[in-house]
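These are the residues of each chain, in order.
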Amino acid sequence: MRLFCRLILLMLMALPLRAEIVDTWQFKNPENQQRAISLAKQLRCPQCQNQNLVESTSPIAHDLRLEVYRMVDEGKSNEQIVSFMTQRFGDFVLYKPRFNSQTALLWYSPLVLLLFGMLVIWLYVKKRRQLPPPALTEEQKRQLDKWLENKS
């Protein structure tokens, strides 16, 4: 029983831990390594669609991670690497797409939906204020009179 409790405790302690893919790429310095990992986390896996290059275990993500690492080690800038990836896979590879005519709807839709929701709520409240209060039925009037007599 103690062993079982210890295993449960160990599993509960391990819940907040996250595993990351460990590549064996040798970088020229630790700054390049951090930059490459950060950049790979900003790029979406073309196959998995909802994972970045670091989180994905797909073969294409592995290849693209190594490509990012190689380009960082060659001294290319982040803009050059992102440009290379978007030329190859389109803006889809970016988790934060650029603002242009094709992505304007994506960027403005939350604002438009918020304004539309506020308009609907405003119209609903305005309509409710204009309605007269409902008249009491005869039964409700009798109950109210009875209640008022008991209170006096």
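This section reports on the structure supplied with the text. All of these numbers come straight from a predicted model, not from anything done at the bench.

Comments concerning the nonpolar core
Then step 1. One finds L39, L43, L53, V68, V72, I81 and M85 to be the most contacted residues of the largest nonpolar core, which totals 19 residues.
Then step 2. Going through the elements one at a time, α2 (30-42), α3 (59-73) and α4 (78-89) are the ones with two or more residues in this core.
Then step 3. It is α3 that provides the largest number of residues to this core, a total of six residues.
Then step 4. Apart from residues lying up to four places away in sequence, V72 is in contact with N32, R35, A36, L39 and I81.

Some points on the side chain of N52
Then step 1. Its location among the elements puts N52 in the loop between α2 and α3.
Then step 2. For N52, a relative accessible area of 8% translates into the label buried.
Then step 3. Engagement of the side chain of N52 in a polar contact is seen with the backbone nitrogen of E55, the distance being 2.7 Å.
Then step 4. With residues near it in sequence (within four places) discarded, N52 still touches A40, K41, L43, R44, C45 and Y95.

Focus on the environment of Q51
Then step 1. Structurally, the position occupied by Q51 is in the loop between α2 and α3.
Then step 2. In this structure the C-alpha to C-alpha distance between Q51 and K41, which are ten residues apart in sequence, comes to 8.7 Å.
Then step 3. Sequence-distant contacts of Q51, defined by excluding residues within four places in its chain, comprise R44, C45, S56, T57 and Y95.

Calculation criteria
Residues numbered from 1 in each chain as written. Predicted model: local features only at pLDDT ≥ 70, side-chain atom pairs only at ≥ 80, totals over all residues. Heavy atoms only, no water. Core = buried A, V, L, I, M, F, W, Y, C linked by side-chain atoms within 4.5 Å. Buried < 20%, exposed > 50% of the residue type's maximum accessible area, 1.4 Å probe, protein only. Helix = DSSP H or I, 4+ residues; strand = E, 2+ residues; numbered from the N terminus. Contact = heavy atoms within 4.5 Å. Polar contact = N/O pair within 3.5 Å; in protein donor to acceptor, adjacent residues only side chain to side chain.

Nothing here speaks to function; it is geometry throughout.
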